[in-house]
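Summary of the model geometry
One letter stands for each residue in the lines below.
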Amino acid sequence: MSTTRRDFLRNAALAGTGVGFLAFGSSALKDIIKGPFKPIPYANAAPLNMQDAEKMKVVHSLCLGCNARCGIRARVYDGMVYKVEGNPYCMSNSFWEPLPMDTPLEESFKHSGKMCLKGQSIAHYTYDPYRITVPLKRAGKRGEGKFKPISWEQLINEVVNGGIIEETGEKLPGLKMYADLYISKEEVVDAVLKHVSREFLEKWANAITKGKPVEDWKKFLEENIYKLWLPKEEAEKLPEDVKKRLIDPEMPALGPKSNFCLVVGGRVTEGRGEFLERFLYGTIGSANFLGHADVCQWPKWAGQIFAFDRPHVGPDIKSAQYVVAWGAQIAESFNPAVPVWSIFHYRRGEGDLKVVWIDPRAHNGVVAFSHRHIMPKPGEDGAIACGILRRMFETKGFDRRFLENPNLEAAKKDGEVVFSNASHLVVVAPQNHPSYRKLLRASDLGIGSENEYVVLDKATNTLKAHTQSESAYILMDEYQGAVEIPNELYQGEDIDPKRADKYSKTTKGLQVKLKDGSTVYVTTALQLLKDFVFVETVEGWAKIAGVNPKDIIATADELSFYGKKACVVSYRGPVMHTNGSITQWLIDSINMLLGNIGHKGGMIWQVGTGEKIRVGMTLVVEESLGVSNCTEHKRTTKKPLSTIKQKWRVKIHTQPKCPGSSS
Ligand code: SF4
């Protein structure tokens, strides 16, 4: 007897159910079955023929399954959604080639937009029998899992004014109590100035200013409140009303007790963000908002901000020829799945794209078409990035022309849209100099302003403001006039003691006399990156990561070969560790060496554009190309907060500048 596909699926489902009975025992499973579970109604609501077509309508909307927010088209039959598909008019669902907006609706039905599986299943959210549709109040001890439905009015009243758990007699405070415990930064500064002894404040300020007298105490305290830690006897002098409202009077920077209120955001999209901020900052007076991305991927955006001074820099997946996909799985965790990764999947299947996969997990569906699969020890991805960077330095497989541009004008002449600070000089010794670990400013040498940095100009072999040079040295070990200089960066607390002896205490650079008569030692930003990755050999880095060094070498050489048409993209895998942000920065440093930023086939802005970007740790971006579809970007960065009473914040996490449209 032949078995149809439907029979097969039904039998498989029954077989699966049988396994469930065996595994869980009958009583637990019966409880589950007895619960509100029933077949999802919409599955039966689909018309089998078109006789009832007048009952059917098509609704266009937006999927909030993830922050990509793809356009959707829902087919609704007799008031129930029975199918959700991509909106072919939407950029996100159409390989970036949407139907023209004047395409007649009937014509558009011949085209189906793309959606990921999660998006296609969003009707399940709507009809999920477990979906919570009314407020639930705890009806027992915490953890007992007992809840009862209450009205919205009761919810609002008890959340604001406090309430009682009737079943246990437990009294719970309302948010109003926290709002009453708000104290402004100005009030705290005034109290400190009035009540803390001037002797203590002067001693404290001396340590910050290194002996320079403070002229405006109020301003100084406002700017440095985060560094103020009062001894117990000084904190005791603060008025009772102030002490009562501070989390810790000995550490005023922790702010008011209203900061105990935390709002955890999910899809903080249009309208919700403003409401939550107004409520949290303006009404309660708390600074603590925890965004969705703060939990699941903040280190990635932090790493990208280190590298590019902005997050959401991703691959031009339509034109890239070589992609290193790092630490996430297509259709599971790379995001945005539809706008970007459907194209990736399609091109990879066509054999049109060379892919190296770096992930400890081997997942057949993902790895099958990959050209190489590297499986690092979890948390050691940074070592692979260092190995790749080292190999690129060794083979000179980096984009020298791009990196040598010290400013935007020079970059533009080279057909670039961004420039890097690879050539900008950094003070690496002595440690006690105020400019230590900072970029050397042209004003320190008297050759430019405070907003200009210093480079070693290639044409004249002289120090110039970065704005005045067409091309500058990027590696001091390539400059004949460079000398061995002390490098004090690898001393002290930043060093892994087990590897301390591997870091060189010297580097190649220059001794520079500043306008104020002091002497500093400087080298280029790129030289510092090179010094760091040369701490280990490629084999050494491979050993740390637990991978084959040949894979690192081959990947680095291929990246150099494809250059601006290659992209290194990562997601949560390498970054959800304590070293995550630095790992992301190292990964994006590979992109920087490739000089692929803003190029067709390279790394582009996934959301937002047109913003002047400030100096990043390694890459300075003054203009941007790429996909511009995020109006929210401008809205969130330019949001006026003037109406908000809370003026000081001790945030658990700082939000990225563009919480934008990718989660
Ligand atoms: S990628 Fe998937 S889940 Fe995210 S918005 Fe698009 S369809 Fe929805």
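Residues numbered from 1 in each chain as written. Predicted model: local features only at pLDDT ≥ 70, side-chain atom pairs only at ≥ 80, totals over all residues. Heavy atoms only, no water.

Focus: the overall build of the protein chain
The condition that has to hold: Secondary structure elements follow DSSP: runs of H or I no shorter than four residues count as helices, runs of E no shorter than two count as strands, and numbering proceeds from the N terminus. Accessibility here uses a 1.4 Å probe with only protein chains present; expressed as a share of the type maximum, an area under 20% marks a residue as buried, one over 50% as exposed, and anything in between as partly exposed. In this description, contact between two residues means that some pair of their heavy atoms is separated by no more than 4.5 Å. Calculation of accessible area relied on Shrake-Rupley with a 1.4 Å probe; when residues are assessed, cover is drawn exclusively from the protein chains displayed.
For the protein chain, the count of helices and strands is 28 helices and 23 strands. Counting over 663 residues, the protein chain shows a buried share of 49%. Pairs at least 24 residues apart make up 63% of the contacts formed inside the protein chain by residues separated by at least 6 positions. Element-wise, carbon and sulfur atoms account for 56% of the exposed surface of the protein chain, whose accessible area totals about 33200 Å².

Considering the nonpolar core
Defined as follows: As used in this record, nonpolar core signifies buried Ala, Val, Leu, Ile, Met, Phe, Trp, Tyr and Cys residues forming a set joined through side-chain atoms within 4.5 Å.
With 70 residues, the main nonpolar core has Leu-526 and Ile-590 as its most contacted residues. At eight residues, helix 19 (residues 381–394) tops the list of elements feeding residues into this core. Within the second largest apolar cluster, 21 residues are counted, among which are Val-196, Ala-205, Phe-220 and Leu-221.

Some thoughts on a nonpolar patch on the surface
Definition in use: Every patch collects residues that have over 30% relative accessible area and no salt bridge, joining them within 9 Å if they carry like charges and within 5 Å if they are nonpolar side chains (Val, Leu, Ile, Met, Phe, Trp, Tyr). The working definition used for a salt bridge is a side-chain nitrogen of Lys or Arg within 4 Å of a carboxyl oxygen of Asp or Glu.
Nonpolar side chains collect at one region of the surface, where Ile-132, Val-134, Leu-136 and Phe-147 lie side by side and expose about 400 Å² of accessible area between them. For Ile-132, the position within the fold is in the loop between helix 6 (122–127) and strand 4 (136–138).

Description of the environment of Gln-511
Of note, Gln-511 is situated in strand 19 (residues 506–513). Given a relative accessible area of 53%, Gln-511 falls into the exposed group. Residues Gln-511 and Ala-429 lie 82 residues apart in sequence; the distance between their C-alpha atoms is 9.5 Å. Ignoring sequence-local partners within four residues, the contact set of Gln-511 consists of Ile-485, Thr-519, Val-520 and Tyr-521.

Description of the sheet that holds strand 20 (residues 519–524)
The condition that has to hold: Should DSSP find at least two bridges between two strands, the strands are regarded as paired. Where helices are involved, their axes are fitted lines through C-alpha atoms of the stretch in contact, as for all axes, and angles between N-to-C directions lie from 0 to 180°.
Spatial strand order, 15-20-19-18: four strands in an open sheet with antiparallel pairing. Either end of the sheet is taken by a strand with one partner, and the two such strands are strand 15 (425–429) and strand 18 (483–486). Taking each pair of neighbouring strands and ignoring which way they run, the sheet shows an average axis angle of 60 degrees. Pairing of strand 15 with strand 20, which is carried by four bridges, proceeds in the antiparallel orientation. By the bridge assignment, Ala-429 is partnered in strand 20 with Tyr-521. Along the sheet, helix 23 (residues 525–533) makes contact with strand 15, strand 19 and strand 20, crossing strand 20 at roughly 75 degrees.

Observations regarding the site of the ligand
For clarity, the threshold we go by: The criterion for a residue being near a molecule or strand is simple. One of its heavy atoms has to lie within 4 Å of it. Note that Gly is not counted as nonpolar here; it falls among the polar residues with everything else outside the nonpolar set of Ala, Val, Leu, Ile, Met, Phe, Trp, Tyr, Cys and Pro and the charged set of Asp, Glu, Lys and Arg.
Residues in contact with the ligand, as listed here, are Cys-63, Gly-65, Cys-66, Arg-69, Cys-70, Met-115, Cys-116, Gly-119, Ala-337 and Val-338. Taken together, the residues of the shell around the ligand sort by class into seven nonpolar, two polar and one charged.

Describing the packing of aromatic side chains
So the rule is basically this: Pairing of aromatic side chains here covers Phe, Tyr and the six-membered ring of Trp, requires ring centres within 6.5 Å, and sorts the geometry by plane angle: under 30 degrees stacked, over 60 edge-to-face, intermediate tilted. A ring is scored as having a charge over it whenever the NZ atom of a lysine or the CZ atom of an arginine sits within 6 Å of its centre and within 35 degrees of its normal.
What the rule picks out here adds up to 13 aromatic pairs. Relative to Phe-532, the ring of Tyr-503 lies with its centre 6.5 Å away and its plane at 25 degrees, an arrangement referred to as stacked. Of this pair, Tyr-503 sits in the loop between strand 18 and strand 19 while Phe-532 sits in helix 23, and the two are 29 residues apart along the sequence. Overall, the relative accessible area of 22% leaves Phe-532 in the partly exposed class. Here the aromatic residues Tyr-490, Tyr-503, Phe-532 and Trp-541 are joined through ring pairs into a cluster of three or more. Lying over the aromatic face of Phe-95, Lys-114 brings its terminal NZ or CZ to 4.9 Å of the ring centre. The side chain of Arg-198 reaches across the aromatic face of Trp-217, ending 4.9 Å from its centre.

Description of the confidence of the model for the protein chain
How we decide: The quantity known as pLDDT measures the predictor's confidence residue by residue, on a range of 0 to 100.
When the pLDDT values of the protein chain are averaged, the result is 81; 82% of them are 70 or greater. Throughout residues 608–663 the model reports pLDDT below 50, and contacts reaching past four residues in sequence, or to other chains, amount to 177 contacts.

A short note on the packing of helix 19 against helix 24 (residues 538–545)
Test applied: Any angle from 65 to 115 degrees is called roughly perpendicular, while one under 35 is roughly parallel, one over 145 is roughly antiparallel, and all others are oblique. Crossing chirality is assigned from the near helix's rotation relative to the far helix, an anticlockwise turn below a right angle marking it left-handed and a clockwise turn marking it right-handed.
Interaxial distance between helix 19 and helix 24 falls to 8 Å at its minimum, and their mutual angle equals 165 degrees. Considered as vectors, helix 19 and helix 24 are oriented roughly antiparallel to each other. The two elements helix 19 and helix 24 meet at a crossing, and its hand is left-handed. For the pair helix 19 and helix 24, the contacting residues are Ala-383, Ile-384, Cys-386, Gly-387, Arg-390, Arg-391 and Glu-394 in the first and Val-538, Trp-541, Ile-544 and Ala-545 in the second. Across the contact of helix 19 with helix 24, the residue classes break down as seven nonpolar, one polar and three charged.

Brief notes about the environment of Asn-67
Positionally, Asn-67 belongs in the loop between strand 1 (56–62) and strand 2 (71–77). For the pair Asn-67 and His-292, spaced 225 residues apart in the sequence, the C-alpha separation amounts to 9.8 Å.

Details of the packing of helix 23 against helix 27 (residues 580–594)
Between two packed helices, what matters for the description is the angle formed by their axes and the separation of those axes. Across the interface, helix 23 lies against helix 27 with an axial gap of 13 Å and an inter-helix angle of 125 degrees. Compared by their axis directions, helix 23 and helix 27 come out oblique. Pair helix 23 / helix 27 crosses with left-handed handedness. Between helix 23, through Leu-526, Leu-529 and Phe-532, and helix 27, the contact on the second element is made entirely by Trp-585, Leu-586, Ser-589, Met-592 and Leu-593. Residue classes in the contact of helix 23 with helix 27 are distributed as seven nonpolar, one polar and no charged.

Notes on the sheet that holds strand 13 (residues 372–374)
Spatial ordering of the open sheet is given by 13-12-11-21, a layout of four strands whose pairing is parallel. Looking at which strands have only one partner, the edges of the open sheet turn out to be strand 13 and strand 21 (566–570). With strand direction ignored, the average angle separating the axes of adjacent strands in the sheet is 15 degrees. Relative to strand 12 (residues 354–358), strand 11 (residues 322–326) runs parallel, the two being bridged by five bridges. Residue pairing across strands places Ala-325 opposite Trp-357, the latter belonging to strand 12.

Some thoughts on helix 16 (residues 298–308)
By the criterion of burial, helix 16 is predominantly enclosed, with nine of the 11 residues buried. Where helix 16 is concerned, the buried positions are Trp-298, Pro-299, Lys-300, Trp-301, Ala-302, Gly-303, Gln-304, Ala-307 and Phe-308.

Structural notes on the pattern of salt bridges
The full count for this structure, using the stated rule, is 34 salt bridges. Put simply, Glu-158 and Lys-137 hold a salt bridge, and the shortest N to O gap is 3.0 Å. In this pair, Glu-158 sits in helix 7 (residues 152–161) while Lys-137 sits in strand 4, placing the two residues 21 residues apart along the sequence. Like Lys-137, Glu-158 is buried.

Overview of helix 19
Our working definition: Multiplying 1.5 Å by the helix residue count minus one yields the expected span of that helix.
Look at helix 19: 20 Å from first C-alpha to last across 14 residues, which is about the 20 Å you get at 1.5 Å a residue. The buried fraction of helix 19 is high, at 12 of 14 residues. For helix 19, every residue scored as buried is listed here: Asp-381, Gly-382, Ala-383, Ile-384, Ala-385, Cys-386, Gly-387, Ile-388, Leu-389, Arg-390, Met-392 and Phe-393. Downstream of helix 19 by one or two residues, Lys-396 has phi in the positive range, about 55 degrees.

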